[in-house]
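If you want the building blocks of each chain, they are given just below.
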Amino acid sequence: MNVTAARTRAIRWPVIRPWLGVAARLGLAAVWLIAGATKVGDLAASGRAVNAYQVMPYDLATTIGAALPFVELALGVILLLGLATRLAAGVSAALLVVFVTGIASAWIRGLAIDCGCFGSGGQLAAGQSPSYLPEILRDLGFLALAGFLLIWPRTPVSVDGWLAGDTRVEDDDE
Amino acid sequence: MSSRKGQRDAARVVREQLAREKRRKRTLWTSVAAVAVLVIAGLIGYSVWSGQRTDEFTAPKGANEAGTGIVIGSGPVTIDLYEDYLCPACKQFQQLSGDTINQLVTEGRARVVFHPVAYLNRFSTTEYSTRSSAASGCAADGGKFKEFTDALFERQPPEGSAGLSNDELIDIGAGVGLNRDDLASCVSGGRYKAWTEHVTEEASRANVTGTPTVRVNGTDVADRSPAGIRAAVEAAAK
């Protein structure tokens, strides 16, 4: 009983893993594409959202706020294509760590802001109170996707795979 | 036998090394390409943003010296109001405490600096926040800023809608006694859009993260009820 269970698991994992990888890659791509798309239409609001954290001078905040939506969109496209997946996952993880740190610090300092993660300009809607914990948990979920791709970057239907000629190489680099 | 096996092994090792080298090169170049894409994306964002900004603005009549808001009254205590014409909480605030603030102004105890910020452009399909704020600049030129502001909150469109059209803004202005032709050319020409941008940017710089924000002599007032505002003004006057 135990032996067969262990064996099926051992067989299943190599079969399932690449497809879990695809799901993680496309999921993370969707996160970045949506996050970028909701901000890109109002770059001034994106800058205000960054400034609302009050961790950097206003002019730096607006510059980052303007660049960030485009970087997020580009990251989404790169992940969608599966180009340099491990690097893209690493950049994703780094960004998410920065976001989580920012939200946590806003929480600790008692600021009343929206995280601005999906384009709200950092402003809370009328009568809305901050929801820092759900925002952090959500970002940690995204971080898990990035972590999966950092460990197992090789996924089917990717530019990386295509460049490698689909030879069954060990995917311990990339 | 064993030496032939040794040769095979050596050949395999060389093959593997070559393959590893090839993989490393490939990884390097895909990484370089990906990083380049990200950097270029960021630069595009920065240049788009720079292109959107305007440095030159003309403040309407009645603006404060910094050009960040319209001054109403001349009392010793300054009440800064940061509001967006599209913001429902601002409308509620005006209904709740507007009369009290008017009283403080007419009693000569406070002056109001009203900052018509455009924070909520994303919540209308036509940048109503910017258009209404710029129109309020036109109304200030005509000396009817307060009346126009009250009328705009009265007729506030819902969030997510197209907002009021420029024609409707002009009608409202004419309704409070502004010259229709002057107002029409000012609103349609977007004369004060750059000013609105300046007002909005300076408000952000002053760490105004939400609307309405009320400051009495520069200090945030958390209790925006009539009693709370009265108390803050009295405390500031001492």
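The structure this text deals with has already been given above.
All of the points below concern the structure found in this document. Because the structure is predicted, anything quoted here is derived from the model rather than measured. Per chain, residue numbering runs from 1 following the sequence as it is written. Key to labels: chains lettered from A, ligands numbered from 1, both in the order written. Thresholds applied to this predicted model are a pLDDT of at least 70 for local features of residues and 80 or more for the giving and counting of side-chain atom pairs; totals over whole chains, interfaces and linings are not thresholded and use all residues. Calculation of side-chain values draws on the structure's entire complement of heavy atoms; hydrogens and water are dropped beforehand.

### Quick look at the pairing of strand 2 (residues 77-83) of chain B
Here is the key point about a regular strand: its side chains alternate between the two faces of the sheet.
Residue and element names in this part refer to chain B.
Here comes step 1: Residue exposure (1.4 Å probe, protein chains only): buried if accessible area is under 20% of the type maximum, exposed if over 50%, otherwise partly exposed. Only DSSP runs of H or I covering at least 4 residues are called helices, and only runs of E covering at least 2 are called strands; the numbering of each starts at the N terminus. Burial analysis of strand 2 places 7 of its 7 residues in the buried class, the great majority of the element.
Here comes step 2: Of the two faces of strand 2, both are covered, the one formed by Val 77, Ile 79, Leu 81 and Glu 83 as well as the one formed by Thr 78, Asp 80 and Tyr 82.
Here comes step 3: Pairing between strands requires that DSSP locate at least two bridges from one strand to the other. Across 7 bridges, strand 2 lies against strand 3 (residues 110-116) in parallel orientation. Paired with Leu 81 across the strands is Phe 114, a residue of strand 3.
Here comes step 4: The β-α-β motif built from strand 2, the intervening helix 2 (residues 88-106) and the parallel element strand 3 has right-handed crossover chirality.
Here comes step 5: Pairing of strand 2 with strand 4 (residues 213-216) involves 4 bridges; the strand directions are antiparallel. Bridge assignment links Tyr 82 to a residue of strand 4, and that residue is Thr 213. With strands facing away from the observer, any crossover in which the path from the first strand over the helix to the second runs clockwise is taken as right-handed.

### Notes on the pattern of salt bridges
All names here are of chain B.
Here comes step 1: Within this document, salt bridges are pairs made up of a side-chain nitrogen of Lys or Arg and a carboxyl oxygen of Asp or Glu, the two lying within 4 Å of each other. Under the counting rule described, the total for this entry stands at 14 salt bridges over all chains.
Here comes step 2: Arg 205 serves as the salt-bridge partner of Glu 201, at 3.8 Å between the closest nitrogen and oxygen. Note that Glu 201 and Arg 205 are positioned in helix 7 (residues 193-205) at a spacing of 4 residues, about one turn of the helix.
Here comes step 3: Note that Asp 220 and Arg 215 form a salt bridge whose closest N and O atoms lie 2.5 Å from each other.
Here comes step 4: Since its relative accessible area comes to 12%, Arg 215 is described here as buried.

### Comments concerning the packing of aromatic side chains
Residue and element names in this part refer to chain B.
Here comes step 1: In this scheme Phe, Tyr and Trp rings, the latter by its six-membered ring, pair at centre separations within 6.5 Å, and the angle between planes marks the pair as stacked below 30 degrees, edge-to-face above 60, and tilted otherwise. In total, this model carries 8 aromatic pairs over all chains according to the counting rule given.
Here comes step 2: Here Tyr 85 and Phe 153 contribute two aromatic rings whose centre-to-centre distance is 5.4 Å and whose plane-to-plane angle is 50°, an arrangement assigned as tilted. One end of the pair, Tyr 85, is in the loop between strand 2 and helix 2; the other, Phe 153, is in helix 4 (residues 145-154), and 68 residues separate them in sequence.
Here comes step 3: Since its relative accessible area comes to 3%, Phe 153 is described here as buried.
Here comes step 4: Each member of the aromatic cluster is reached from another via a ring pair, and the members are Tyr 85, Phe 114, Phe 145 and Phe 153.

### With respect to the layout of surface pockets
Here comes step 1: In this structure, the second largest pocket spans a volume of roughly 510 Å³.
Here comes step 2: Along its surface, the second largest pocket is lined by 22 residues, and A:Ala44, B:Gln52, B:Asn121, B:Thr130 and B:Glu197 are the ones closest to its centre.
Here comes step 3: In terms of residue count, the dominant contributor to the lining of the second largest pocket is helix 7 of chain B (7 residues).
Here comes step 4: Residue polarity is assigned by list, with Asp, Glu, Lys and Arg as charged and Ala, Val, Leu, Ile, Met, Phe, Trp, Tyr, Cys and Pro as nonpolar; anything else, Gly included, falls into the polar class. Residues of the lining of the second largest pocket, tallied by class, amount to 6 nonpolar, 9 polar and 7 charged. Note on definitions: the grid is 1 Å and covers protein atoms alone; a cavity is a set of points where a 1.4 Å probe fits but cannot get out; a pocket is an open set with protein on both sides within 12 Å along at least five of seven lines; lining residues have an atom within 4 Å of a point. Grid points are joined across faces, edges and corners, and a volume is the space filled by probe spheres set on the points.

### Here we look at a nonpolar patch on the surface
Here comes step 1: Residues enter a patch when their relative accessible area is above 30% and they make no salt bridge; the linking distance is 9 Å between like charges and 5 Å between nonpolar side chains (Val, Leu, Ile, Met, Phe, Trp, Tyr). The method behind every accessible area is Shrake-Rupley, applied with a 1.4 Å probe, and residues are considered shielded solely by the protein chains displayed. Side chains of A:Ile11, A:Trp13, A:Val15, A:Ile16 and A:Leu20 sit close together on the surface and give an oily, nonpolar patch of about 440 Å² of accessible area.
Here comes step 2: In this structure, A:Val15 sits in helix 1 (residues 2-40).

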